[in-house]
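Coordinate inspection notes
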Amino acid sequence: MPADEEFKRFKQIREELNLTQAAFAEELGISSTTADIERGRTRIPGQVVKELLKKYHINPLWLFGESTQKFLHSDKLSVNPKVVTVDNEGKENIVLVNAKAAAGYPSNIGDAQWFESLPAFGIPLPEYRNATFRGFQVDGDSMSPVLESGEWIVGKAVEDMENLSNRRMYVVVTADSVLVKKVQKENQSGYVNLVSLNPDYAPIRIDQNEIREMWLVSSKLSFNLEANTQQVSLQSLHNDMRELKEEMKKLTK
């Protein structure tokens, strides 16, 4: 691998974090800018390698081109929100992220001004107290028939991935996407499978260290109740027919 590959990968990390050279330098505890490293004028100091591993789980061997595994697994991966906003009374808002805004969410995940530009509201119910919540608009039919494109879901912030439920749905934020899926952890591998309810969509397998934030889907807002009722009924009928066919097969054996 060319010697300058380490500098390209170093710059890649900064760009994926959406940080300026000055901000990245501050995060890593070095001089005022990372420009000299990115230009290949200065080798990456050992202290910087240590901070990249500690803060961002970057595999040093990947950084220097000796491994294809970018992240090293940690026992407890933090996936809690990077930014929260509050109202005039100091209470946390429920920020609304529509389908268009979701495209820019990963690249602005640490930008407080970007989140403050989004609409926000509060719900004065006990179910929405003592936790951080965020609203996301569903885009696509991968979670049909439970969630339809255009509907809104409210997610409760997840702190880490220790106690995920295979039965629940989550909003999963990675470096380049915002997805609504069920999450199934693989034992001892450090990978997770993001599973759709719609069987037309295959599971997505990713390294759990690629996950930046995770939100447990706690409720949804729907504005087309008649259509939803029909879809759920059709799905229930389909499931009943499938079970009946299975029973018939058993009887004929």
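Up top you'll find the structure we're talking about.
These notes cover the structure that comes with them.

**Considerations on the overall build of the chain**
- Tallying secondary structure elements over the chain gives eight helices and nine strands in all.
- Taken across its 253 residues, the chain has 40% of its residues classed as buried.
- Sequence separation of at least 24 residues holds for 58% of the intrachain contacts in the chain that already meet a minimum separation of 6.
- Element-wise, carbon and sulfur atoms account for 49% of the exposed surface of the chain, whose accessible area totals about 15200 Å².

**Structural notes on the packing of helix 2 (residues 21-28) against helix 4 (residues 46-56)**
- At a minimum axis separation of 9 Å, helix 2 and helix 4 run at an interaxial angle of 90 degrees. Classed by the angle they form, the pair helix 2 and helix 4 counts as roughly perpendicular. Where helix 2 approaches helix 4, its residues Phe24, Glu27 and Leu28 are matched on the opposing element by Val48, Glu51, Leu52, Lys55 and Tyr56.

**Looking at the side chain of Glu151**
- Positionally, Glu151 belongs in the loop between strand 3 (133-137) and strand 4 (152-157).
- A distance of 2.9 Å separates a polar atom in the side chain of Glu151 from the backbone nitrogen of Glu148.

**Some details on the nonpolar core**
- Val97, Tyr105 and Ile153 are the most contacted members of the largest nonpolar core, which has 21 residues in total.
- Elements supplying a minimum of two residues to this core: strand 1 (94-97), helix 6 (99-102), helix 7 (112-116), strand 5 (169-173) and strand 9 (213-221).
- In terms of residue count, the dominant contributor to this core is strand 5 (three residues).
- Among all residues touching Tyr105, those that are not within four sequence positions of it are Val97, Trp114, Phe115, Arg134, Phe136, Val173, Val178, Glu213 and Trp215.
- In terms of nonpolar packing, the next biggest core, distinct from the first, is built from 16 residues, Phe7, Phe10, Leu63 and Phe71 among them.

**Digging into the pairing of strand 4**
- Here five bridges tie strand 3 to strand 4, and the two strands are oriented antiparallel to one another. What sits directly across from Phe133, in strand 4, is Lys156.
- Note: strand 4 against strand 9, six bridges, orientation antiparallel. Bridge pairing in strand 9 places Ile153 opposite Lys220.

**A few points about the pattern of salt bridges**
- Taken as a whole and judged by the stated rule, the model has 11 salt bridges.
- Two residues, Glu51 and Lys55, come together in a salt bridge whose shortest N-O distance is 4.0 Å. Within this pair, Glu51 and its partner Lys55 are both found in helix 4, separated by four residues, close to a single helical turn.
- Given the relative accessible area of 11%, Glu51 is considered buried.
- Owing to a relative accessible area of 38%, Lys55 belongs among the partly exposed residues under this scheme.
- Across the pair Arg205 and Glu186 runs a salt bridge, and its minimum N-O distance is 2.8 Å. One end of the pair, Arg205, is in strand 8 (residues 204-207); the other, Glu186, is in the loop between strand 6 (178-185) and strand 7 (191-195), and 19 residues separate them in sequence.
- The class of Arg205 is partly exposed, set by a relative accessible area of 48%.
- Glu186 gets classed as partly exposed once you look at its relative accessible area, which sits at 23%.

**Some details on the pairing of strand 3**
- The element strand 3 is extensively covered by neighbouring structure, given that four of its five residues are classed as buried.
- The sheet contact formed by strand 1 and strand 3 spans three bridges and is parallel. Across the sheet, residue Val95 finds its bridge partner in strand 3, namely Arg134.

**What about helix 1 (residues 5-16)?**
- Over its 12 residues, helix 1 runs 16 Å from end to end, which matches the ideal 16 Å to within 8%, given 1.5 Å per residue.
- When we look at burial in helix 1, the residues that qualify are Glu6, Phe7, Arg9, Phe10, Ile13 and Arg14. Taken down its axis, helix 1 places every buried residue within 165 degrees of arc, on the same side.
- In this structure, the buried side of helix 1 is in contact with helix 2, helix 3 (35-38), helix 4 and helix 5 (60-63).

The rules we used
Residues numbered from 1 in each chain as written. Predicted model: local features only at pLDDT ≥ 70, side-chain atom pairs only at ≥ 80, totals over all residues. Heavy atoms only, no water. Helix = DSSP H or I, 4+ residues; strand = E, 2+ residues; numbered from the N terminus. Buried < 20%, exposed > 50% of the residue type's maximum accessible area, 1.4 Å probe, protein only. Contact = heavy atoms within 4.5 Å. Areas by Shrake-Rupley, 256 points an atom, 1.4 Å probe, with all protein chains shown as cover. Axes fitted to C-alpha atoms, helices over the stretch in contact; angles between N-to-C directions. Parallel < 35°, antiparallel > 145°, perpendicular 65-115°, else oblique. Polar contact = N/O pair within 3.5 Å; in protein donor to acceptor, adjacent residues only side chain to side chain. Core = buried A, V, L, I, M, F, W, Y, C linked by side-chain atoms within 4.5 Å. Pairing = 2+ DSSP bridges. Salt bridge = Lys/Arg side-chain N within 4 Å of Asp/Glu carboxyl O. Expected span 1.5 Å × (residues − 1). Arc of directions from axis to C-beta.

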